[in-house]
Amino acid sequence: MAMQYDAVLAQRSQKTIYRDGDTVLKIFEPSYSKANVLNEALNQARVEETGLHIPRLLEVLMIDGKWAIRAEFIEGRTLQQMMEEQPQNMEEYLEQFVALQMEVHTKESPLLNKLKDKMNRKISESAFDATTRYELHTRLESMPKHKKVCHGDFNPSNIIVTPEGVPYILDWSHATQGNASADVARTYLLFCLAGAQETADRYLNLFCKKTDTAKQYIQSWMPIVAASQSVKGNADERAMLKRWVNVVDYE
């Protein structure tokens, strides 16, 4: 008999997220790679050790022949919901969003996979021609090497604010260690792909101002991040990302 849960919280391709009492169960389709499930659980456990506010990992298990990850349920509303419901407070929410991302980047977790290795692999897997891939690999190689925790999918729907106002960061499946500007470029592109260009620009300006980072530096990561993102994007996203990859004249 299939197990029953309180409610479906979210559905993604190849996984469904349920609430089960005071826990959350993420159940993966049988076709989903076992190694990826275990890597996601390991990422979460490693990031937990940095002291960031994230849901605690409770167990990895099999349910009806499917791999699943159980973590604690965080009561609250996503920052995305808050932004949509109270657009007049957008400035305040963006401030909170950027401050949270900056806090993530102050952490180190030496056993996380390296962002650079992941980007190199994604560029190789992308559908771009050999010349473009070569340029992207070369550009990536020239980037400063850092060891900061990078979320990899930092967007307002992955942040839950509790009734007490404490923000928790969800979904560490893409976490790596590396250059924070790549993480920022990715967040910028996620806003753009969601059709929120104005928010994307406000976010980037705010991040650059608060961290005293040159906008050109983050923009130099955009082609790399766009190529990496294109591997899993849908057709519309891929067309948009392709423009990002080709938008920069290579040195």
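Structure: above.
Residues numbered from 1 in each chain as written. Predicted model: local features only at pLDDT ≥ 70, side-chain atom pairs only at ≥ 80, totals over all residues. Heavy atoms only, no water.

Engineer: Account for the overall build of the protein chain, with residues named and values stated.
Structural biologist: A count of helices and strands for the protein chain gives ten helices and ten strands. Radius of gyration (C-alpha) of the protein chain: 18 Å, near the 18 Å computed for a compact globule of 251 residues. Considered along the principal axes of its C-alpha atoms, the protein chain spans approximately 60 × 40 × 35 Å. Put simply, the protein chain has 251 residues, and 47% of those count as buried. Intrachain contacts of the protein chain at a sequence separation of at least 6 include 65% that bridge at least 24 residues. Of the accessible surface of the protein chain, which amounts to about 12800 Å², a share of 49% is contributed by carbon and sulfur atoms. Of the side-chain charges in the protein chain, 30 are positive and 34 negative, and the distance between the mean point of each set is 5 Å. (Helix = DSSP H or I, 4+ residues; strand = E, 2+ residues; numbered from the N terminus. Rg over C-alpha atoms; globule rule 2.2 N^0.38 Å. Buried < 20%, exposed > 50% of the residue type's maximum accessible area, 1.4 Å probe, protein only. Contact = heavy atoms within 4.5 Å. Areas by Shrake-Rupley, 256 points an atom, 1.4 Å probe, with all protein chains shown as cover. Lys, Arg positive; Asp, Glu negative; His and termini not counted. Charge placed at Lys NZ, Arg CZ, Asp CG, Glu CD.)

Engineer: Residues and numbers for the sheet that holds strand S3 (residues 23-28), please.
Structural biologist: Two orientations exist for strands paired in a sheet by backbone hydrogen bonds: parallel and antiparallel. Here we have five strands laid out as an open sheet, ordered S1-S2-S3-S5-S4, and antiparallel in their pairing. What marks the edges here is a single partner per strand, and that holds for strand S1 (7-12) and strand S4 (57-63). For this sheet the average axis-to-axis angle between neighbouring strands, irrespective of direction, equals 20°. With six bridges connecting them, strand S2 (residues 15-20) and S3 associate as antiparallel partners. (Pairing = 2+ DSSP bridges. Axes fitted to C-alpha atoms, helices over the stretch in contact; angles between N-to-C directions.)

Engineer: Hey, could you go over the pattern of salt bridges for me, with residue numbers and the actual values?
Structural biologist: Following the criterion strictly, the structure yields eleven salt bridges and no others. In this structure, Arg 202 engages Glu 91 in a salt bridge whose closest nitrogen and oxygen atoms are separated by 2.8 Å. Of this pair, Arg 202 sits in helix H7 (residues 197-211) while Glu 91 sits in helix H3 (residues 90-105), placing them 111 residues apart in sequence. By relative accessible area, which is 30% here, Arg 202 ends up partly exposed. Salt-bridge contacts for Arg 202 lead to Glu 198; the nearest nitrogen and oxygen are separated by 3.9 Å. Of the two residues, Arg 202 and Glu 198 are both situated in helix H7; the distance of four residues between them amounts to about one turn of the helix. Since its relative accessible area comes to 57%, Glu 198 is described here as exposed. Among the charged side chains, a salt-bridge network with shared partners connects Asp 20, Glu 59 and Arg 70. (Salt bridge = Lys/Arg side-chain N within 4 Å of Asp/Glu carboxyl O.)

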